[in-house]
Amino acid sequence: MIELSAKLTTGTVYLAGEALECCITFCHTTQPEHRNSQSHSDILENLAWASAQIHCFYSTSGNPSDKSLSIEKTTALEVTSCDIGDVVFHTKPKILFCDLTIPLGETKTFWYRESLPIEAAPSYRGTTIKYSYKITIATQKVGSHIKMVRIPFRVLPISPIMNMQDLAALCGNETTEDLQPTNPFSEERKVETPLTMALQVLQNLTARRSPNSYMITNTRGKVGRFCLFKSAYKLGEDIVGTFDFSVGTVTCMQVSVSLQPEEILKSKTPAKNVNKESSSRSMTVARYHEVTLGLTHSELILPIPLHITPAFDVNEVSLRWRLHFEFVTTNEKLSPNPEEKDWNAPLNVPIETMVWNLPVKIYSTLPKQITQHSVSSDAYTLCIK
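This section reports on the structure supplied with the text. (Residues numbered from 1 in each chain as written. Predicted model: local features only at pLDDT ≥ 70, side-chain atom pairs only at ≥ 80, totals over all residues. Heavy atoms only, no water.)

### Topic: the overall build of the chain
Quick note on the threshold: Runs of E in the DSSP output that reach at least two residues are strands. Runs of H or I that reach at least four are helices, and both are numbered from the N terminus. The classification of residues rests on relative accessible area computed with a 1.4 Å probe and restricted to protein chains. Under 20% of the type maximum is buried, over 50% is exposed, and intermediate values are partly exposed.
When its secondary structure is counted, the chain shows 5 helices and 21 strands. Here the chain holds 385 residues, and 42% of them are scored as buried.

Right, dumping it as structure tokens:
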């Protein structure tokens with residue numbers, strides 16, 4: 001029996017444009033029930049071939065996946081029934097070996113290295129559309145069926161910086177002198193690649209602080225002022241802002257802020273059972289809530305989860321992010337009189353709820369920042385009898 005074991009040695013999260021590396025081993029082991037009855041044919045095991053390639057699967061909630069994809073469509077490997085969706089992207093298969101003989105008790109190790117295209121769609125599980133990536137490793141014994149093992153991994157977008165001409169223009173206009181110290185005596189010159197250029201622009205966009213103030217008002221007057229210190233963030237950062245209710249003429253009893261995605265379908269022929277309402281439906285991934293009655297100032301701290309997908313734009317769907325505000329206000333004066341020792345809040349208060357949406361930009365972070373907070377990937381195994 002041959003045991004195939006595969007593991008990603010460079011982590012399970014990658015930026016579009018990065019290279020991944022997978023260690024693949026084939027070990028000839030003996031089945032427990034055959035340990036005492038080995039024949040000469042059991043000493044050697046032969047594999048005809050083995051290959052590896054990357055697949056990106058696409059599916060929609062209203063369109064069942066097509067299970068009749070041919071071998072030619074995936075260029076090498078047949079899509080099995082366990083896969084969900086259609087293959088929208090794949091790399092060329094790389095042959096690991098042909099006609100491999102493994103003696104009993106020995107192990108053969110191979111390395112699979114591949115670079116992802118910088119314009120690749122990210123891994124995404126939305127309300128109507130899903131993208132998922134897997135490394136497909138296949139092998140076959142002579143006279144037997146093809147055996148496959150799939151290793152999932154996550155891809156983060158470089159978007160919305162995808163156009164190489166725009167990327168070069170941005171890098172020409174941006175500077176990192178304030179962010180990265182340079183050595184004027186060094187003669188080494190780093191070769192700028194599209195990925196390093198995108199990371200440079202990404203660092204500049206998310207490091208720049210540009211406070212913006214917004215006056216919150218309704219039909220009865222001013223509710224307060226909100227200040228957001230910057231509008232571009234990376235995964236794992238905190239969205240920090242302040243509320244100033246001292247300038248308000250309307251009492252704000254409580255406020256809640258939610259971080260929500262906006263999924264916008266761009267397909268001209270949407271899938272069945274998918275309408276415009278579901279395509280733009282939002283859900284909350286992080287929430288801040290505070291009772292502000294009697295407060296003149298309050299601070300917003302909203303962590304951005306590492307598991308969400310940053311903003312991106314591809315042919316099928318566009319993803320954006322926003323802060324959804326809900327202010328509960330009342331026109332009555334509820335502030336206690338300082339001369340009164342005991343003050344009880346009224347049992348019934350007429351209230352009004354107003355909502356407001358503020359767009360924010362969320363970009364990718366370095367994959368190592370995510371892997372530090374996740375469990376290390378385990379090896380995927382497959383027994384070939």
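Next comes the rest of the account.
### Re the environment of Thr329
In plain terms, the rule: What makes two residues a contact is simply this: any of their non-hydrogen atoms within 4.5 Å.
By the element assignment, Thr329 lies in strand E19 (residues 317-330). Taking relative accessible area as the criterion, Thr329 reaches 2% and is therefore assigned buried. For the pair formed by Thr329 and Arg220, sequence separation is 109 residues and the distance between their alpha carbons is 9.9 Å. Ignoring any residue separated from it by four or fewer positions in sequence, one finds Thr329 in contact with Asn218, Val223, Val250, Thr251, Cys252, Met253, Pro350, Ile351 and Glu352.

### Considerations on the nonpolar core
In globular proteins that are soluble, nonpolar side chains generally tend to be buried together. Going by this rule: In this description, a nonpolar core means a group of buried Ala, Val, Leu, Ile, Met, Phe, Trp, Tyr and Cys residues linked to one another through side-chain atoms lying within 4.5 Å.
If you look at the biggest cluster of nonpolar residues, it comprises 77 residues, and the most contacted ones within it are Ile24, Phe26, Ile135, Ile137, Phe153, Phe243 and Leu259. In this view, Phe26 contacts Ile2, Glu3, Leu4, Leu47, Ala50, Phe97, Ile102, Glu106, Thr107, Lys108, Phe110 and Thr139; residues no more than four positions away in its chain are not counted.

### Some thoughts on the sheet that holds strand E3 (residues 19-28)
We count it as follows: Pairs of strands are assigned from DSSP output, requiring at least two bridges between the strands. Helix axes use the C-alpha atoms of the stretch in contact, all axes being lines fitted to C-alpha atoms, and the angles between their N-to-C directions lie in the range 0 to 180 degrees.
The strand order across the open sheet formed by 4 strands is E7-E3-E1-E21, and the pairing between neighbours is antiparallel. At either end of the open sheet lies a strand with only one pairing partner, and these are strand E7 (107-115) and strand E21 (380-384). Strand-to-strand twist of the sheet, defined as the mean angle between neighbouring strand axes without regard to direction, takes the value 20°. Taken together, the 5 bridges between strand E1 (residues 2-8) and E21 define a ladder with antiparallel strand orientation. Paired with Glu3 across the strands is Cys383, a residue of E21.

### Overview of unusual backbone geometry
Although it is not a glycine, Asp99 adopts a positive phi angle of roughly 55°. Note that Asp99 resides in strand E6 (residues 94-103).

### A look at the sheet that holds strand E17 (residues 297-303)
Spatially, E11-E12-E14-E17 is the arrangement adopted by the 4 strands of the open sheet, whose pairing is antiparallel. At either margin of the open sheet sits one strand with a lone partner, and together these are strand E11 (212-218) and E17. Pairs of neighbouring strands in the sheet enclose a mean axial angle of 25°, with direction left out of account. As paired strands, strand E12 (residues 221-228) and strand E14 (residues 238-244) are joined by 4 bridges and run antiparallel to one another. From the neighbouring strand, Leu228 faces E14, where its bridge partner is Gly241.

### Digging into the side chain of Thr91
The test is simple: Polar contact criterion, stated in full: a pair of N or O atoms within 3.5 Å, where within protein one must be able to donate a hydrogen and the other to accept it, and residues adjacent in sequence count only if both atoms are side-chain atoms.
In this structure, Thr91 sits in the loop between strand E5 (86-90) and E6. On the basis of relative accessibility, which here comes to 9%, the residue Thr91 falls in the buried class. A polar atom in the side chain of Thr91 sits 2.9 Å from the backbone nitrogen of Ile54.

### Thoughts on the environment of Gly105
Following the sequence through the fold, Gly105 ends up in the loop between E6 and E7. Gly105 sits in the exposed class, given a relative accessible area of 58%. Sequence separation between Gly105 and Thr29 is 76 residues; the distance between their C-alpha atoms is 5.7 Å.

### Brief notes about the packing of aromatic side chains
We count it as follows: Stacked, tilted and edge-to-face are the three classes assigned to paired rings of Phe, Tyr and Trp, where Trp is represented by its six-membered ring and a pair needs centres within 6.5 Å; plane angles under 30 degrees give stacked, over 60 edge-to-face, the rest tilted.
Within this structure, the stated rule accounts for 16 aromatic pairs. Three or more aromatic residues joined by ring pairs make a cluster, and in this case those are Tyr214, Phe226, Phe243, Phe245, Phe325, Phe327 and Trp356.

### A few points about the environment of Val13
Secondary-structure assignment places Val13 in strand E2 (residues 13-15). Looking at Val13, the relative accessible area reads 6%, which means it is buried. Along the primary structure Val13 and Val155 are separated by 142 residues, whereas in three dimensions their C-alpha atoms are 5.9 Å apart. Apart from residues lying up to four places away in sequence, Val13 is in contact with Glu18, Arg154, Leu156, Pro367, Ile370 and Thr371.

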